[in-house]
Amino acid sequence: MWARPQQETAPVTRRLISTGSPFEAEFAYSRAVVQGDWCFVAGTTGYDYVTMSMPEDPGRQAENALATIGKALAEAGFSFADVVRTVIYLADPADHPAIGPALRAALGEVRPANSTVVAALIRPEMKVEIEVTAFRG
């Protein structure tokens, strides 16, 4: 019986990305984690992290969330073109049509797998939360 020689594999590095949100420090999470060819971006809400303000409109919240996600992806060496899955959390299903334009602008050509869930979000001003998974292989 022939034994195959064992190949050495390089260790997979793990990289943590922060956007400086006070929530990341307070609740001990990273905005994104890169593990090998994968990038996992945490649920992101529509805050403008410079002013710590939240727009009332769910469409604007989605735009802000996607802008934050885009920055995290870029810092990790990924882009929206690498996104393979999204999960959208909505506090009110009636807001679903309002977030469509922002999603189409960021992901219209990419068309990742998606799940949309209606759920109570952690703060009353939050209407939408978005998480993405990206892969480059």
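Look up: the structure comes first, before these words.
Owing to the predicted nature of the structure, the values given are computational and were not obtained by experimental measurement.

Criteria and cut-off values
- Residues numbered from 1 in each chain as written.
- Predicted model: local features only at pLDDT ≥ 70, side-chain atom pairs only at ≥ 80, totals over all residues.
- Heavy atoms only, no water.
- Helix = DSSP H or I, 4+ residues; strand = E, 2+ residues; numbered from the N terminus.
- Expected span 1.5 Å × (residues − 1).
- Buried < 20%, exposed > 50% of the residue type's maximum accessible area, 1.4 Å probe, protein only.
- Contact = heavy atoms within 4.5 Å.
- Polar contact = N/O pair within 3.5 Å; in protein donor to acceptor, adjacent residues only side chain to side chain.
- Core = buried A, V, L, I, M, F, W, Y, C linked by side-chain atoms within 4.5 Å.
- Pairing = 2+ DSSP bridges.
- Axes fitted to C-alpha atoms, helices over the stretch in contact; angles between N-to-C directions.

Caption draft 1: Representation of helix H3 (residues 96-107) within the structure. Taking 1.5 Å per residue as the helical rise, H3 with its twelve residues ought to reach 16 Å, and the 16 Å between its terminal C-alpha atoms agrees with that figure. Looking at H3, one finds that the buried residues are Ile99, Gly100, Ala102, Leu103 and Leu107. The elements touched by buried residues of H3 are helix H2 (58-75), strand S4 (83-90) and strand S6 (128-135).

Caption draft 2: Just H2, in detail. The end-to-end C-alpha separation of H2 is 26 Å, in line with the 26 Å expected for 18 residues at 1.5 Å each. Looking at the packing, one finds that the buried side of H2 touches strand S1 (14-17), strand S2 (32-35), strand S3 (38-45), S4, H3 and S6. Where H2 begins, the capping side chain belongs to aspartate 57, and its oxygen is found 3.2 Å from the backbone nitrogen of glycine 59.

Caption draft 3: Just the side chain of glutamate 24, in detail. By secondary structure assignment, the location of glutamate 24 is in helix H1 (residues 22-26). Since its relative accessible area comes to 4%, glutamate 24 is described here as buried. A polar contact is formed between the side chain of glutamate 24 and the side chain of serine 18, at a distance of 2.5 Å. A distance of 3.2 Å separates the side chain of glutamate 24 from the side chain of arginine 31, its partner in a polar contact. Look past the residues within four positions of glutamate 24 in its chain and what remains in contact with it is Ser18, Thr19, Tyr29 and Arg31.

Caption draft 4: Representation of the nonpolar core. Among the nonpolar cores identified, the biggest contains 25 residues, and Cys39, Ile69, Leu73 and Ile130 are the most heavily contacted of them. Among the elements of the structure, S2, S3, H2, S4, H3 and S6 are those that each provide at least two residues to this core. Element by element, the count of residues in this core is highest for H2, at six residues. Those residues in contact with cysteine 39 that sit more than four places away from it in its chain are Ala32, Val33, Val34, Leu73, Ala76, Phe78, Val132, Thr133 and Ala134.

Caption draft 5: Fine view of the sheet that holds S1. Read across the open sheet, the six strands follow the order S1-S2-S3-S6-S4-S5; overall the sheet is mixed. Each edge of the open sheet carries a strand with a single partner, namely S1 and strand S5 (113-118). Along the sheet, successive strands turn relative to each other by an average axial angle of 10 degrees, direction set aside. Sheet topology note: the S2/S3 ladder contains four bridges and is antiparallel. Counterpart to valine 34 in the pairing with S3 is cysteine 39. Those strands touched by H2 are S1, S2, S3, S4 and S6, and its axis lies near 30 degrees from that of S6. Across the sheet, H3 is in contact with S4, S5 and S6; its angle to S4 comes to roughly 160 degrees.

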